[in-house]
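Chains, contacts and geometry: an overview
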4 protein chains.
Amino acid sequence: MCPREAPNVTDPIHALVWAEGSAAEEEPDTYPNDVNAAISAHLNEDDDFVAKTASLTDVHHGMSEPDLAWADVVLWWGHRYHGDVPDGVVERIERHIAWHDLGFIALHSAHYSKPFTSLIGATGDLGEVRNNAEAEHIEVRTPDHPIAEGVDDFTLPKVEMYGEPFDVPDPDTVVFHSTFEGGGEFRSGITFDLDSARCFYFRPGHEEFRLYHRQDIRQILANATRWAAGRD
Amino acid sequence: MCPREAPNVTDPIHALVWAEGSAAEEEPDTYPNDVNAAISAHLNEDDDFVAKTASLTDVHHGMSEPDLAWADVVLWWGHRYHGDVPDGVVERIERHIAWHDLGFIALHSAHYSKPFTSLIGATGDLGEVRNNAEAEHIEVRTPDHPIAEGVDDFTLPKVEMYGEPFDVPDPDTVVFHSTFEGGGEFRSGITFDLDSARCFYFRPGHEEFRLYHRQDIRQILANATRWAAGRD
Amino acid sequence: MCPREAPNVTDPIHALVWAEGSAAEEEPDTYPNDVNAAISAHLNEDDDFVAKTASLTDVHHGMSEPDLAWADVVLWWGHRYHGDVPDGVVERIERHIAWHDLGFIALHSAHYSKPFTSLIGATGDLGEVRNNAEAEHIEVRTPDHPIAEGVDDFTLPKVEMYGEPFDVPDPDTVVFHSTFEGGGEFRSGITFDLDSARCFYFRPGHEEFRLYHRQDIRQILANATRWAAGRD
Amino acid sequence: MCPREAPNVTDPIHALVWAEGSAAEEEPDTYPNDVNAAISAHLNEDDDFVAKTASLTDVHHGMSEPDLAWADVVLWWGHRYHGDVPDGVVERIERHIAWHDLGFIALHSAHYSKPFTSLIGATGDLGEVRNNAEAEHIEVRTPDHPIAEGVDDFTLPKVEMYGEPFDVPDPDTVVFHSTFEGGGEFRSGITFDLDSARCFYFRPGHEEFRLYHRQDIRQILANATRWAAGRD
């Protein structure tokens, strides 16, 4: 094992923000350049980050060796095309996590993505799923966690709902916990230690709603990227 | 389940004709633009059809969500690269079959393709296979089936032979049955009902011979595309 | 100058059929795979031809050195993207015409294409242009020319009209001549000798109408391809 | 002439934001996904806009007929690769401006871009150019112009300087005027009426500095996009 060198804290954090392409196909007015462009742009407004987009349709599916060597953290948004991610991509990500402490952030439907389910060793199955544009109340369960910095409890007016049981191992921390207008609850922001690397799952992010433009969500993703890079 | 709306019978039938690319690689003088270009072109000569080509090397392997939402029927020709089709492609096709009554037509070596074997729940294994450029006599077993409309018994002068046993479930209809110059027989044109969706397998179509340019084969594929779209 | 070797008359004629992509963009129900796919498919139904599609968006704009070395004839359909063809492409085509007697066939709006205007040394400007879906009567002016073989005078029911004066040098032969329902006339099928190479311009082919599927047009394009390859 | 239909004021404004790719190549830490991704992302945070990125390396150089038909406004950032833009791209843009009142916004070094110089009929030549990371003071000269809405005089701390004489025709409006720390002045924000279409040039935007992330610059680009679309 070859842990990542102690980062120079003045270097920007390199975030490789991956999306599969379906959000731009299905919601061209909401994410005309896909979810990864929106998230990258938000991170890039802060000098602490350099965020590059990557996509299923890029060469080597956006996860080439040089891309992964460059990255401190991978953020992953997928929905319809999980099965199109070849196993070799997952193996490359896992090697960079194991050898170089690459951070990994799984977003929304990425609970079913190959890299996430492989990392946590579980199915990522959900209980009930409803797409009723209902409200979600998010409670900060661990206010002193770096991912919660500057974030208070908040409510998203329209979401696709996911319910427990969420088939994941016991998380190391439940940072955020959700309850839904139509009933049900979910561990919406959870961390997993992967030896010395770090993984975070964050539930909100359905492609029909403009959640990634909200200030609270942006704050959480910036915090999580910083934390997953070991810079908290 | 969400069955496809009753089609407007004046709309053209949308056929998404997929091929893996090997025929153009291996037989550039026979199918210089691949088998899917030949089949699409034949369908497009008839105002009833709009046929688009799709390929393993296209974005999302030619089976994106928008492509599948557009299509009434998928025709599939594969031979050497079955294993390069990601599972996600198969899952997308199956979902569109289950939810939207997408029709599926498997051609020749596609008896081993991932979508076909998954749909029928069997291996698609063959008995004897001979590539001796021998004759195949095709008998119309179910003359009143829409796929046989305007087709009489006919003989292909040179084919690659497939023999029984063909490991598929009992078909709903055996439309065509073959016997071969060098011996052996095969259920060459068979239908499977997939709840309210429709699947057809058609045996002839080896890449070395110009079978897809024959009038009898073209008639069968046009009939089958119309039937699989529920337009018979 | 290095004239092409006398072809082996049993070899198929290699046709490289180029289109710019706009017909598939603008008329997806008429030419879902673009005009070049339709023309290639028709040629490929005849064992005398092997026709490959090429496109503006291919590597080297579909006119690489190996593509041109393979080709006996280039057929060219362009409309909106003439200016996107780099000068290097034109130079490569002209070199293959000058050194290897490559044949060149310009279709419809290719009167304004860079290769055609460069070859003939004129602007290709038209007189009146009307897109009124009017009829065009095509008279065979030179019945004994190989391009007219098997073709009688015929009428196209709906066309985009081009009128004289057509700014081209005096053709070597006017094979076809058109008059239009709304008035006007045009030299619709004309040949130019380019030293030992051969060039043909053919007017019909507007992307809104299904002209390339007509038997008379297909006969003319097959004849012209054979003639431009020096195989008459 | 076929002026654009009066827009439905509830429709979002469609902005096609083009960049040539050099900023991502040369300043990967400043614009890791290129300037167009940054500008698009900012516009997309406002529900009034749907902004899509387009690039020199896209099919049809990101300026296909369907792209242009979709767009209400094109924003253009180029620097090193002006000469790689084919003339056909310029012709298409000009046709959409002439026929459909497409708006055009030229950014920074796009003073030398083919579309801008062609539209204004001048060279776009500059007087002195200095890249000294000096300050630029921008004065709002026409405070009641829609492009100046909500913008006061402001100072950019580090810029590449352009000096007069700027070889352009007399603008219809000088909205912004700059003076520089090291001396010199420039008409930094100028409008040109193109019959019923609208063109805006905006000087700041050098790739080394993070100017497009500033709130004042973002306000100006949003205002300009709205104005160029005829929505002021």
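For the structure given in this document, a descriptive report is provided here. (Residues numbered from 1 in each chain as written. Chains lettered and ligands numbered in written order. Predicted model: local features only at pLDDT ≥ 70, side-chain atom pairs only at ≥ 80, totals over all residues. Heavy atoms only, no water.)

**Thoughts on the sheet that holds strand β4 (residues 103-107) of chain A**
Residues and elements named next belong to chain A. Worth spelling out the cut-off: A pair of strands is labelled paired if DSSP reports no fewer than 2 bridges between them. In this text, helices come from DSSP runs of H or I with a minimum length of four residues, and strands from runs of E with a minimum of two, each type numbered from the N-terminal end. Under this scheme, a helix contributes an axis fitted over its contacting stretch, all axes are lines through C-alpha atoms, and angles between N-to-C directions fall in the 0 to 180 degree range. Contact between two residues is taken to exist if any of their heavy atoms lie within 4.5 Å; hydrogens are not considered.
Sheet architecture is open: nine strands sit in the order β2-β1-β3-β4-β9-β8-β7-β5-β6, paired in mixed fashion. The open sheet has two edge strands, β2 (49-55) and β6 (154-162), and neither has a second partner. Across this sheet, the average inter-strand angle for adjacent strands is 25°, counted without regard to direction. Here strand β1 (residues 13-19) runs beside β2; their pairing, made up of seven bridges, is parallel. Bridge pairing links His 14 to Val 50 in β2. Across the face of the sheet, helix α6 (residues 215-228) comes into contact with β1, β2, β3 (73-77), β4, β6, β7 (173-180), β8 (185-194) and β9 (197-202) while running at roughly 165° to β9.

**Here's the deal with the packing of aromatic side chains**
Operational definition: Stacked, tilted and edge-to-face pairs are distinguished by plane angle, under 30 degrees for stacked and over 60 for edge-to-face with tilted covering the rest, among Phe, Tyr and Trp rings (Trp via its six-membered ring) whose centres lie within 6.5 Å. Here the term buried applies to any residue with accessible area under 20% of the maximum for its type, exposed to any over 50%, and partly exposed to those in between, with areas from a 1.4 Å probe on protein chains only. The criterion for a charge sitting over a ring is simple: Lys NZ or Arg CZ within 6 Å of the ring centre, and within 35 degrees of the ring normal.
In this structure the tally under the stated criterion is 40 aromatic pairs over all chains. Measuring from ring centre to ring centre gives 3.7 Å for C:Trp18 and C:Trp76, while their planes differ by 10°; the resulting arrangement is stacked. Taken together, the positions of C:Trp18 in strand β1 (residues 13-19) and C:Trp76 in strand β3 (residues 73-77) put the pair 58 residues apart, joining distant regions of the chain. There is no split in this pair, since C:Trp18 and C:Trp76 are both buried. Relative to C:Phe186, the ring of C:Tyr162 has its centre 5.9 Å away and its plane inclined at 75°; by these criteria the two rings are edge-to-face. Residue C:Tyr162 is found in strand β6 (residues 154-162), and its partner C:Phe186 is found in strand β8 (residues 185-194); the two are separated by 24 residues along the sequence. By relative accessible area, which is 0% here, C:Phe186 ends up buried. The ring of B:Tyr162 is capped by B:Arg203, whose NZ or CZ atom sits 4.9 Å from the centre of that ring. It is D:Arg95 that lies over the ring of D:Trp99; its NZ or CZ is 5.9 Å from the centre.

**Some thoughts on the relation of the copies chain A and chain D**
The test is simple: Superposing copies: least-squares fit, C-alpha atoms only, residues required to have pLDDT of at least 70 in both.
You can overlay chain A on chain D at an RMSD of 0.0 Å; the transform is a turn of 179° with a shift of 0.0 Å along its axis. Accordingly, the operation relating the two chain copies is best matched by a two-fold axis. Measuring from the rotation axis to each C-alpha of chain A, the shortest distance belongs to A:Ala41, at 3.0 Å. Taken as a fraction of all interface residues of chain A, those also at the interface in chain D reach 95%, which identifies the copy contact as same-surface.

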